[in-house]
Structure formats: structure tokens, C-alpha cells
Amino acid sequence: MRRSYGDALSGTLDIIGGEMGTANRLGLRVLRWIAIVGVMVAAALPQAVRAQYSAGKVNQGVVGVVSGGVAGTYVQFANDLAAVLDSDKLRILPILGKGSVQNIIDILYLKGVDIGIVQSDVLAYLRRDNQFPGLERRLHYLTKLYNEEFHLLARADINSLQDLAGKPVNVDGRNSGSAITATIVFGAHKVDIKPTFYDQALALEKLKAGEIAAMVYVAGKPASLFRNVASEDKVKLLAVPATPELLESYFPSQLTAAEYPRLIQAGQEVETVAVSAVMAVFNWPSDSERYKNVARFVDYFFSSIDTFREKPRHPKWQEVSLSAQPPGWTRFKAAEEWLQRNGAQAQLTREMNDPKLRQAFERFMAESKNASLDKLTREQREALYQNFVLWQRTLQ
């Protein structure tokens, strides 16, 4: 008896249904197994991640460097450090800073900060007020970097530093490097100004508008802040004579038309003073992990110094001397040991004993128009000679 199409279809569906039921049961078992394996893998992943990225491993070889504002030379140096030195064994964390005093505070107390770029006169400034007892023991330096020039940009009707007495003069933020140096410079010249504390970009606009008489900016020349400033803005750079008192902490310098062609006429110079920028460091115990990180940084950085003097790095790297000694500072142990191993200090001593360099220096002093140089003590004269030798290096 032939089955109808409906009977055949019903039987086929029963067979298919039975097979699908078996397949579904098998599929569920597979899914359960996959789920169990997934849970096991998920549970194991955090352990693997923790093993690979433990706090100790992530922080190993990391050095935090606090620098300066976004438009300054300090932050460009910090960025160069990261660009050249970063590797699987050393990582540089550039940090924006808020002036030399705050950078010192950050080095002393802020977690993650090992090194800071500061003005060399900040140590004497803080020691004078005794704000941080034992500061010389806790704070050392790795190297002198370069000189920063004291820029005094004033309204066109201001003819001398003494004309600023009683007038509003911007010195950047409170406790900034510019504010510290301004306090010392105006104090040495016995000029009592009315300080304002605008950020430098705002101060420049206020100066152009005639709302303040002048602004102080301590930065390596040429300062990018003044790149587009011209005498047509009714402003000019004022001379800052180097008195004997100032020469105890600063060096005589000049601003030239080559650096500021829109503010200084060709062939002319504006007398000023310069302060050293130094790379300061917390004096970590030699058996600590942070000391080892900084010591590794010293080895990589000092060994790569010639790379920093090449383009496209900041031109101020040309002035860096690993062996120079800023007055009043103690060199970090790992840095001193590196110099002893590599003979950098001996090289500087040989250069300073070169009779040709000594004769060139004496000729420079004799031809200088700065009468204050005649009043230098022997120690001040030798410190100036050391900087002359280092400057000669940059010309080679």
C-alpha cells in the first residue's frame, strides 16, 4: 500500500527531528565545554596580565623629568630626552613644570619625579630663606645644561633699568625662575619695581597695550616668545649691566641682532646677564630602585650626549658641558662616577690649561666694554674663564 505524500513527509520530518535532537544535545555539550574553557581562560588572563604588567616591572627604568611651560626651552629639552633615550630599559616621562621653585618642591615631594630642570640660582634663593633645611644634602645635580639670558622687554619710552622704579613689571608666576632672578637683579641695582605675575603670553599683550612698563623673561636665546615681536610694537630690549654682586651668581652676556633681528639693529648688542640651567635630582640612597633608575639614565644620557648636539635637537644642547660645576651645587654620585670613568673632568682641566685659550680669554676681557668685569674677584674670573672655555667648544 502506497503511502501518501503527507505520510512520507511526516515520516521524513520525524527522522530529521530525531537527528536534529541528537545534534542539539551534542551542540549543547560543546557549548558548555567552550564556556568552561572560556571561564578558565578569562580567570587566567588577569594573572597573566598582572605578571606581565606588575607595578615593579612597569616602574622599572622609568624616570620622571619635570621641566617648564609649553613654550619654554626646558620642555623642549625634556622632549628631546624622551625622543633620544626611550628604550625597553629606560623610559623618560616629560612633565610640564611651574617654575624653578615648584620644580624643586616637586623633586623633593611629588611621587614620580626624579629629575627637574631648574635655574642654578634657585638653590641660593631657597637656602637664603631656609625654607627647606638640609636642602644641599637632599638635592644634587647631574649636569649644567646651558645659560639662560635675562630678557628685559620694556615700553619704548623706558630708557634704562632705573626708569622702571615704581612701575609695574611682570616677572612671570610667583616663585618662577624669572621671578627669582628678577628679585636678585633689581635688588642688586636697587630698583624697587611693582611686580605683576601674569603668564608670559598675557604679559606680552599687556606690554604692547601699555598696561605694564616691562616684562622679565629668563630663557635661552633666542626666546620663541619674542619671535614675532618687533620694535614697531613700541617695545625694546633694555640693557642689564652686570654688577660685581650679580657676577657672584651670573655671567655677563649679550643679546644680538642675529638672535632678535626685529628688536635689535644690525651690528648692535644689548648687555645682559645669564644664569645657568641645571638638571637637578633627588639624592636617592644608592641601594634604592630610584637611584638605580637615575644611574641608568645617567649612563644612557651621558653616553649619548653627541646625539643631542645633532639636528633636529634644540640648538642649546651645543652649550651643555657634562663636567661643568655650577657654584654651590653637589654632583650626584652616579654622575660623578661616570665622569671619573670617562675622563670628562680631566678633559676640561686640560682645556683650561691650554695657553692659547687663556690668551684668547684675556684678550676678550681686555676688549670688553663692560667696566664691571674689572671688579671681578679671582674666583669669579676663573668661573667666567671656565664658561669661556665651554663656549669655545660650541664653536668647533
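Cut-offs applied
Residues numbered from 1 in each chain as written. Predicted model: local features only at pLDDT ≥ 70, side-chain atom pairs only at ≥ 80, totals over all residues. Heavy atoms only, no water. Helix = DSSP H or I, 4+ residues; strand = E, 2+ residues; numbered from the N terminus. Buried < 20%, exposed > 50% of the residue type's maximum accessible area, 1.4 Å probe, protein only. Contact = heavy atoms within 4.5 Å. Areas by Shrake-Rupley, 256 points an atom, 1.4 Å probe, with all protein chains shown as cover. Phe/Tyr/Trp six-rings, centres within 6.5 Å; stacked < 30°, edge-to-face > 60°. Lys NZ or Arg CZ within 6 Å of the ring centre and 35° of its normal. Pairing = 2+ DSSP bridges. Right-handed = clockwise from strand over helix to strand, strands pointing away. pLDDT = per-residue confidence, 0-100. Salt bridge = Lys/Arg side-chain N within 4 Å of Asp/Glu carboxyl O. Axes fitted to C-alpha atoms, helices over the stretch in contact; angles between N-to-C directions. Parallel < 35°, antiparallel > 145°, perpendicular 65-115°, else oblique. Nonpolar A, V, L, I, M, F, W, Y, C, P; charged D, E, K, R; others polar. Left-handed = near helix turned anticlockwise from the far one by under 90°.

1. Quick look at the overall build of the protein
A count of helices and strands for the protein gives 14 helices and 10 strands. A buried classification covers 46% of the 396 residues belonging to the protein. For the protein, long-range pairs separated by at least 24 residues make up 78% of all intrachain contacts whose partners lie at least 6 apart in sequence. When the accessible surface of the protein is summed, it comes to about 20,900 Å², and 54% of that surface belongs to carbon and sulfur atoms.

2. Quick look at the packing of aromatic side chains
Following the criterion strictly, the structure yields 14 aromatic pairs and no others. Cluster of aromatic residues (ring-pair linked, three or more members): F77, Y146, F297, F301, F302, F308, W317 and W338. Cation over ring: K206 sits above Y198, and NZ or CZ is 4.9 Å from the ring centre.

3. Brief notes about the pairing of strand 2 (residues 91-95)
It is a general feature of regular strands that their side chains alternate between the two faces of the sheet. In this sheet, strand 2 lies alongside strand 1 (residues 62-66) in parallel orientation, the contact comprising five bridges. Residue pairing for strand 2: V65 is matched across the bridge by P94. Handedness of the crossover is the feature at issue here: the chain leaves strand 1, passes through helix 3 (residues 73-85), returns alongside strand 2, and the resulting connection is right-handed.

4. Digging into the confidence of the model for the protein
Within the protein, residue pLDDT values average 84, and 82% of them lie at 70 or more. Overall, residues 1-6 carries pLDDT values under 50, and its contacts beyond four positions in sequence, including any with other chains, amount to one contact. This stretch, residues 8-17, has a pLDDT under 50; its non-local contacts, to residues over four places away or in other chains, come to one contact.

5. A closer look at the pattern of salt bridges
Taken as a whole and judged by the stated rule, the model has 10 salt bridges. One salt bridge connects K316 with E149, and the closest N-O pair in it is separated by 3.7 Å. Separated by 167 residues along the polypeptide, K316 in the loop between helix 10 (305-308) and helix 11 (333-342) and E149 in strand 4 (residues 139-155) bring together distant segments of the chain. When its relative accessible area of 2% is taken as the criterion, K316 is described as buried. Between R155 and D157 there is a salt bridge whose closest N-O contact spans 3.0 Å. Connected through salt bridges with shared partners, the residues E149, K316 and E319 form a single ionic network.

6. Some details on the packing of helix 4 (residues 100-109) against helix 5 (residues 121-129)
Helix 5 packs onto helix 4 with a crossing angle of 80° between their chain directions and a minimal axis gap of 10 Å. Of the possible angle classes, the one that applies to helix 4 and helix 5 is roughly perpendicular. Seen from helix 4, the contacting residues are S100, V101 and I104; seen from helix 5, they are V122, Y125 and L126. Among the residues forming the contact of helix 4 with helix 5, the class breakdown is five nonpolar, one polar and no charged.

7. Structural notes on the packing of helix 9 (residues 289-303) against helix 11
Where helix 9 contacts helix 11, the two axes come as close as 9 Å, and the packing angle between them is 35°. Remark: the crossing between helix 9 and helix 11 carries right-handed chirality. For the pair helix 9 and helix 11, contact is made by Y291, A295, V298, D299, F302 and S303 and by K333, A334, A335, E337, W338, L339 and R341, respectively. Of the residues belonging to the contact of helix 9 with helix 11, the class tally is eight nonpolar, one polar and four charged.

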